[in-house]
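# Residue-level structure breakdown
Chain by chain, the residues:
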Amino acid sequence: MAANQHERPVSIVIAAMGGEGGGVLTTWLVSAARKANLPVQATSVPGVAQRTGATTYYVEIVPKTYEELGDREPVMDLYPGPGDIDLMISTELLETGRALEKGFISPVRTTLIGSTHRVYTLAEKMAMGDARYDGDKILEAARQMAKRAILFDIERAARDTGSIMNAVILGAIAASDLMPISAEDFEQGIKDEGKAVESNLAGFRAGLAYARGEIVEMHPKPGAGRSTFRPEKSTEEFKARIERDYPATVHPVVMEGCGRVFDFQDAKYARLYLDRLDTIRAIDEGRGADGPAGGDFKLTNEVGRHLALRMTFEDIMRVAQLKTRASRFERVRGEVEAKPDQLVRVTEHFKPGPYELASVLPRGLGRRVAGWADKNPSKARKWHFGMHIRTDTVWGYTRVRMMAGMRKLRRIGYRYAEEQDLIEEWLDLVRDAAGIDRDFALEVAECARLIKGYSDTHKRGVGNYRKIVDSLIRPAIAAGKPVPAEVAKVRTAALADPEGESLSQALASLAEPDKPVSKSGASTQTKGEAAGDITAAAE
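Since this is a predicted model, take the numbers as computed values, not measurements.

In this section: the overall build of the protein chain. For the protein chain, the helix and strand inventory stands at 23 helices and 8 strands. Taking all 539 residues of the protein chain together, 48% fall into the buried category. For the protein chain, the share of sequence-separated contacts (at least 6 apart) that also reach a separation of at least 24 residues comes to 71%. Accessible area of the protein chain: about 26700 Å², with a carbon and sulfur share of 54%.

With the rule as written, the count across this model stands at 34 salt bridges. Residues Arg305 and Glu302 are paired through a salt bridge, measuring 2.5 Å at the closest nitrogen-oxygen approach. Of the two residues, Arg305 and Glu302 are both situated in helix 12 (residues 298-311); the distance of 3 residues between them amounts to about one turn of the helix. Judged by its relative accessible area of 5%, Arg305 is buried. Put simply, Arg328 and Glu348 hold a salt bridge, and the shortest N to O gap is 2.6 Å. Of this pair, Arg328 sits in helix 14 (residues 326-335) while Glu348 sits in strand 7 (residues 347-350), placing them 20 residues apart in sequence. Judged by relative accessible area, Arg328 falls into the buried class, the value being 14%. Through salt bridges that share partners, Arg241, Asp275, Asp278, Arg281 and Glu285 make up one connected network.

Here we come to the packing of helix 12 against helix 20 (residues 438-446). Between helix 12 and helix 20, whose axes approach to 10 Å, the crossing angle comes to 10°. Regarding the angle of helix 12 to helix 20, the classification is roughly parallel. Contact residues: Lys298, Leu299, Glu302, Val303, Arg305 and His306 in helix 12; Arg438, Ala441, Leu442, Ala445 and Glu446 in helix 20. Its residues assigned to classes, the contact of helix 12 with helix 20 shows 5 nonpolar, 1 polar and 5 charged.

The phi dihedral of Asn37 is positive, around 60°, even though this residue is not glycine. You can see Asn37 is positioned in the loop between helix 1 (22-35) and strand 2 (40-45). On the accessibility criterion, Asn37 (27% relative accessible area) is partly exposed. Positive phi, close to 60°, is recorded for Asp71, a residue that is not glycine. Assignment of secondary structure puts Asp71 in the loop between strand 3 (55-61) and strand 4 (87-90).

Turning our eyes to something else, we now look at helix 23 (residues 501-511). Of the positions making up helix 23, those classed as buried are Ser502, Leu503, Ala506, Leu507 and Ser509. One side of helix 23 carries all its buried residues, which in axial view fall inside an arc of 155°. Turned more than 90 degrees away from the buried face of helix 23 sit Glu501 and Ala511, all of them exposed. Looking at the buried residues of helix 23, the elements they touch are helix 21 (455-479) and helix 22 (484-494).

Turning next to the side chain of Asn301. If you trace the backbone, Asn301 turns up in helix 12. Each residue touching Asn301, except ones within four places of it in the same chain, is listed here: Thr249, Val250 and Val253.

The next thing to look at is the nonpolar core. Membership of the largest hydrophobic core comes to 59 residues, with the highest contact counts inside it found for Tyr273, Val303, Trp426, Phe440, Tyr465 and Ile473. Considering each element in turn, this core owes the most residues, 9 residues, to helix 19 (residues 414-434). Aside from chain neighbours lying at most four places away, what touches Trp426 is Val303, His306, Leu307, Val444, Ala445, Ala448 and Tyr465. Counting 42 residues, the second-largest nonpolar core is a separate cluster that includes Leu25, Val59, Ile113 and Ala183.

This next bit is on the environment of Gly366. Along the chain, Gly366 turns up in helix 16 (residues 363-375). As a C-alpha pair, Gly366 and Glu356 span 10 residues in sequence and 9.5 Å in three-dimensional space. Each residue touching Gly366, except ones within four places of it in the same chain, is listed here: Ala358, Leu361 and Tyr414.

Another aspect to go through is helix 12. Counted at 1.5 Å a residue, the expected span for helix 12 with its 14 residues is 20 Å, and the 20 Å between its end C-alpha atoms agrees. Within helix 12, 12 of the 14 residues are buried, which leaves it mostly tucked inside the rest of the structure. Three or more residues of helix 12 are buried, namely Leu299, Thr300, Asn301, Glu302, Val303, Gly304, Arg305, His306, Leu307, Ala308, Arg310 and Met311. Where helix 12 is buried, its residues contact helix 10 (251-264), helix 11 (267-287), helix 19 and helix 20.

Let us look at the packing of aromatic side chains. This model, assessed by the stated rule, comprises 7 aromatic pairs. Ring centres 5.9 Å apart and planes at 45° place the aromatic pair Tyr269 and Tyr416 in the tilted group. On the criterion of sequence distance, the pair formed by Tyr269 in helix 11 and Tyr416 in helix 19 is long-range, its members being 147 residues apart. Residue Tyr269 shares its accessibility class with Tyr416, and that shared class is buried.

Next up on the list: the sheet that holds strand 1 (residues 10-16). Ordered by their spatial adjacency, 6 strands build an open sheet running 2-3-1-4-5-6, and the pairing between neighbours is mixed. If you trace the sheet from one side to the other, it starts and ends with strand 2 and strand 6 (148-152), each paired once. For this sheet, the mean angle separating the axes of adjacent strands, direction not counted, is 10°. Relative to strand 3, strand 2 runs antiparallel, the two being bridged by 6 bridges.

Rules used in this analysis
Residues numbered from 1 in each chain as written. Predicted model: local features only at pLDDT ≥ 70, side-chain atom pairs only at ≥ 80, totals over all residues. Heavy atoms only, no water. Helix = DSSP H or I, 4+ residues; strand = E, 2+ residues; numbered from the N terminus. Buried < 20%, exposed > 50% of the residue type's maximum accessible area, 1.4 Å probe, protein only. Contact = heavy atoms within 4.5 Å. Areas by Shrake-Rupley, 256 points an atom, 1.4 Å probe, with all protein chains shown as cover. Salt bridge = Lys/Arg side-chain N within 4 Å of Asp/Glu carboxyl O. Axes fitted to C-alpha atoms, helices over the stretch in contact; angles between N-to-C directions. Parallel < 35°, antiparallel > 145°, perpendicular 65-115°, else oblique. Nonpolar A, V, L, I, M, F, W, Y, C, P; charged D, E, K, R; others polar. Arc of directions from axis to C-beta. Core = buried A, V, L, I, M, F, W, Y, C linked by side-chain atoms within 4.5 Å. Expected span 1.5 Å × (residues − 1). Phe/Tyr/Trp six-rings, centres within 6.5 Å; stacked < 30°, edge-to-face > 60°. Pairing = 2+ DSSP bridges.

Here is the structure:
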C-alpha cells in the first residue's frame, strides 16, 4: 500500500459489460479483503445490455484491519461519487470514456486500470459510414486525467495466457499498490477457489507484469507480422509478382488484398485483382518522384484497399464461407469461455429474399427477379423467409458448407456480373480523374465506400453512388475541372443517413451555393475513415 494512504476506505469502481464477469472480479476482491480481516462493502448497479450500458460495481475496502480499528464497524458509502474514486477499472476503452464523462477519474486521486481494446456499439455498427469513436482521444484524455494510468489490451493478454480478463485485471490491481493485500494473498485466493487455477494464475501474473512495466505492449502496423498468403504454389506466384512490381510502401495492403481476393474465389480472380491494380500503379509511376505526388503511391494504396473490398462483396456464399471456418468456431468457444470437454450450440440465422435469390441466378434470370422485386417492394418483403441452422450439428454444418461451395458457380450469377460492371466503371472514373488531378482521383476512389452489404443496403448504396457519379463526377471529368472537396462533401453526406436526404441537400447546395443546408446534411469523417481496412478484415 502507498505510504501516504490514510484511514479512509479505498474506493473502487468496476465498469464491465454483461458477460465479462465483473461480478466475479468483485467477489475476488471482497474475498481477499475478508481473508485479510479488512472491512469491505460491495454494491452494483446493473446496466441495460452488453453495449448500451455497463454494469457498475462499487467496492470500498478500509485499509486497516478490524483489530486496528478496535473492532469498530465503519460506515461506508453505497454508491460512487465523482472525484472520490481511488481505483477505476474499465474492461473496454469506451467504458473508460464513460468514466471520464461521469467524473470518476481524478488527476489528484484516481489510478486507472483500463483495457485499450474496443467492442463496438450498435450505433457504431449500424451507421452507413464510419461512426467509430476516436479511441486515441479517449486514451489521451485518460492519461491526462488520471493520477496514474495502467492501460493495455487486457483482452489480448487474457487470450495469450488462455485466461479470462478478470484474472489479468486482478493482477493489475495487485500491482497498483493501493491496498494492504499482497500479490501472494491474491494468488492464494485464486488457488482456494479451485476453478481454472493454472490459467487464472497465468492471467494474474500477466496483469502484474503489465502493470509493473515488465511487459511493454507493442502496436504493430496494419498488416505487419501476418499475411493472407498460404504456402501454396499459386500464392507464391502472387507474392513474387507484388514484390517485383510494387514499391515496398504498398506491399502490406496489396498482399493482404490479393490474398483476400484469392480466398474469396480463386487464383484467376486474384490475377484479375492485380491486373486491375497495375493500371493504377502505372499512373503513380508516371508521376515519378519529382511529380506532384512525390512518388508516394498513395493512389495505388487506396485503390488497392478499396478494390479488394469491392471484389470480395458480400453474398450468401461469402457469408456461409466465413461462418463455417474453424477459426470462427474457435473464437466462439473462446468468447463463451467453453472448456475443451464442453459442447457449444451454434445457431446461424439467415433470412434470404428475392435479391439474394437473384444474386445466384444466371444474369438474365436474376435481373428479371431483381426487377420484379424493385417494382413490387411490398410483395418482395413477403418472400423473405427465415432459416435457423445449427452448425454444431453434422447436417446443419453440411448445409452451410454446401452454400459456401456454391462460390464455384459465382461467375455465372447475376450479382457477380453486376459487381464487375460497377468495379470497371469505378476504375475508369478513377483513371479519368487521375488524368486531371490526383486529389480528385483519391476522392473518387473513396466513393467505393458507398457500395457495401447486400439486399436493401446494397441497393441504397448503389443508388447514392450513381447519383454522385452522374450529377457531379462525370460532369467534372468532362469539363476537366477537379472537384475533390465537393466529392468529399457529398460522399460524407451520403454516408450520414440511409434515406439519402443529406445527399440530396448536399447536391442541392452545390447547385445553389447560396442556399443554406440543414444541419442534418452536415457530417464530418471520424479518425477511422478506413473502417473497411482490409488489413483488419474479418478472417
